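Below, each chain spelled out in residue letters.
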Amino acid sequence: MLLDNRTLLFSLTMISALVALSLAVVSRSGRRDGLRIWAGAMGLESLGWVLISVRGMVPDALSILAPNLLMVGAQALKLVAVYEFRGLPWPRWRCLLPVLAMFLLLAELQYGDFRHRLIFGSLIYAGQMLLLVEILRTDTVAKQGRAWWLLFGSMVATIPIFILRALAALVSAESFATVEGTVAPNAVQMLMFVCVIALDILGSLGFILMEKERSDFELRALAMTDFLTKALNRRAFTMRSEQEVAAAQRSGAPLALLIIDIDHFKQINDKYGHAAGDTVLEEVARTITGGVRTQDTVGRYGGEEFGVLLPATDQAGALVLAEKLRKAVAAKQYDLGHESISVTISTGITVCAATCAQCRSNINQLVDEADQALYQAKREGRNRTAVKPVWCAGPMRQPLAWTKT
């Protein structure tokens, strides 16, 4: 015995209402993540299911025109929610055109064949799902997580359901000829309601989890990033150093490390204040980050010191880059609001071959050698670069001489 469709409609109403309420509760005010808009969409769906369930008992304007507009409006809001989640401006015509099309369709076919409303209405819903699928397909960031597949899969699976509904209404004239056919125990309608219940849950869960995955990623990024300079913090930089050393050992390529220090930074703080010092730190970090390659890593090692990892870079290449950064920093004027000043940096470099025992055993050895080179640059008068290679057993039998520029 088939389950009465009105029972399923009641289930849809409750599910949509509960999802809308849950999203409204967990969404954070002021955050443009799309959760509140998605909650509004589920609220519209809930109201639409209520009106559909009373078809045949209330005037057609309430049981046909209103619920269809609510449903197509809900899908439009879901599209807006996805655009807001991605931080993109939502396209008015893509979101509003299906709503207008549904209104014109219902107005034109108000007294016509009820099947035609089902056929064209189902195709409009399928078109809206295609728009959602398209914007989700281009979200390369969210696609890296698992939650994206829940939302994307549910949207894709909904499309053939509405197409099947349109085909069934086209072929089965008697079952869909009247309003009562939508709530009678019809196999196609039953299938559609069951699938919509499942896909509504999956889609909403996928959207919630996408937001959670993004929040988790942002928290991890905050934990690994220096809040002022936006470079890696010391912990993250050390972890990345260990990874780069391991990669250098596997590839046999050299690895260079730069330790950069802002000259006379304490005097800047003492003379102009800590706010000015923060401005200098931010600008120097921006100059360093903008001057390295994509594969290089920049981190704030502590205070006014920065570390730069240069994979697959020998001593000559490290010197060229260090001098490029030194000249770029010295060439800038740093606006402190009431006065502009110039700043210089000193850099210590060490280059480690993949066969180096120190590299294999202790990453701190690299840092110690780069620090020694930095101190040498400071002793030589600052605003310069010094190099001290790590002593390695193997091909490099003796440590190379100091190099200063």
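Structure first, text after, so check above.
As the structure is a computational prediction, the values presented were derived from the model and not from experiment. (Residues numbered from 1 in each chain as written. Predicted model: local features only at pLDDT ≥ 70, side-chain atom pairs only at ≥ 80, totals over all residues. Heavy atoms only, no water.)

Asks: When you look at the overall build of the protein chain in this model, what are you seeing that I'm missing?
Replies: Within the protein chain, the regular secondary structure consists of 13 helices and 8 strands. Residues counted as buried form 49% of the 405 residues belonging to the protein chain. A separation of at least 24 residues holds for 69% of the contacts in the protein chain among residues at least 6 apart in sequence. (Helix = DSSP H or I, 4+ residues; strand = E, 2+ residues; numbered from the N terminus. Buried < 20%, exposed > 50% of the residue type's maximum accessible area, 1.4 Å probe, protein only. Contact = heavy atoms within 4.5 Å.)

Asks: Quick question: what am I supposed to make of unusual backbone geometry here?
Replies: Working note: non-glycine residues mostly have negative phi, and peptide bonds are mostly trans. Residue Lys230 is not a glycine yet carries a positive backbone phi of 65°. For Lys230, the position within the fold is in the loop between α7 (187-224) and α8 (234-251). One non-glycine residue with positive phi stands out, namely Arg382, at about 70°. Tracing the chain through its elements places Arg382 in the loop between α13 (363-379) and β7 (385-387).

Asks: Even after reading the chapter, I still don't get the nonpolar core, so can you show me in this structure?
Replies: Side chains that are nonpolar tend, in soluble globular proteins, to be buried together. Grouped together as the largest cluster of nonpolar side chains are 52 residues, with contacts concentrated most on Trp38, Trp49 and Phe207. Taken together, the elements giving at least two residues each to this core come down to α1 (5-26), α2 (35-53), α3 (60-85), α4 (92-108), α5 (114-137), α6 (147-171) and α7. Not counting the four nearest positions on each side in its chain, Trp49 is found in contact with Leu9, Leu12, Thr13, Ser16, Met71, Phe193 and Val196. (Core = buried A, V, L, I, M, F, W, Y, C linked by side-chain atoms within 4.5 Å.)

Asks: Any chance you could explain the environment of Leu47 here in plain terms?
Replies: Here Leu47 is to be found in helix α2. Taking C-alpha positions, Leu47 is 7.5 Å from Leu70, a pair spaced 23 residues apart along the chain.

Asks: Where do I start with the packing of helix α10 (residues 274-291) against helix α11 (residues 315-331) in this structure?
Replies: Packed helices, taken two at a time, are described by the angle their axes make and the gap between the axes. Viewed as axis vectors pointing N to C, α10 and α11 meet at an angle of 140°, and their least axial separation amounts to 10 Å. Where α10 crosses over α11, the two elements pack in a sense that is right-handed. Contacts from Val284, Thr287, Ile288 and Gly291 in α10 reach Leu321, Lys324, Leu325, Ala328 and Val329 in α11. Taken together, the residues of the contact of α10 with α11 break down into 6 nonpolar, 2 polar and 1 charged. (Axes fitted to C-alpha atoms, helices over the stretch in contact; angles between N-to-C directions. Left-handed = near helix turned anticlockwise from the far one by under 90°. Nonpolar A, V, L, I, M, F, W, Y, C, P; charged D, E, K, R; others polar.)

Asks: How should I be thinking about the environment of Met71 in this particular structure?
Replies: Locating Met71 in the fold gives a position in helix α3. The exposure class of Met71 is buried, given its relative accessible area of 6%. For Met71 and Met42, which are 29 residues apart along the polypeptide, the C-alpha to C-alpha distance reads 9.2 Å. Discounting residues that sit within four places of it in the chain, Met71 has contacts with Glu45, Gly48, Trp49, Ile52 and Tyr125.

Asks: Is there a simple way to explain the pairing of strand β1 (residues 255-262) in this structure?
Replies: Burial analysis of β1 places 8 of its 8 residues in the buried class, the great majority of the element. Where burial is concerned, the two faces of β1 agree: the one with Leu255, Leu257, Ile259 and Asp261 and the one with Ala256, Leu258, Ile260 and Ile262 are both buried. Relative to strand β3 (residues 305-311), β1 runs antiparallel, the two sharing 7 bridges. Bridging from a neighbouring strand, Leu258 pairs with Val308 of β3. (Pairing = 2+ DSSP bridges.)

Asks: Help me out: how do you make sense of the pattern of salt bridges in this one?
Replies: Opposite charge on two side chains lets them pair, provided their charged atoms get close. For the structure shown, the criterion picks out 16 salt bridges. The partner of Glu283 in a salt bridge is Arg286, and the shortest N-O contact between them spans 2.6 Å. Of the two residues, Glu283 and Arg286 are both situated in helix α10; the distance of 3 residues between them amounts to about one turn of the helix. You can call Glu283 partly exposed: its relative accessible area is 24%. (Salt bridge = Lys/Arg side-chain N within 4 Å of Asp/Glu carboxyl O.)

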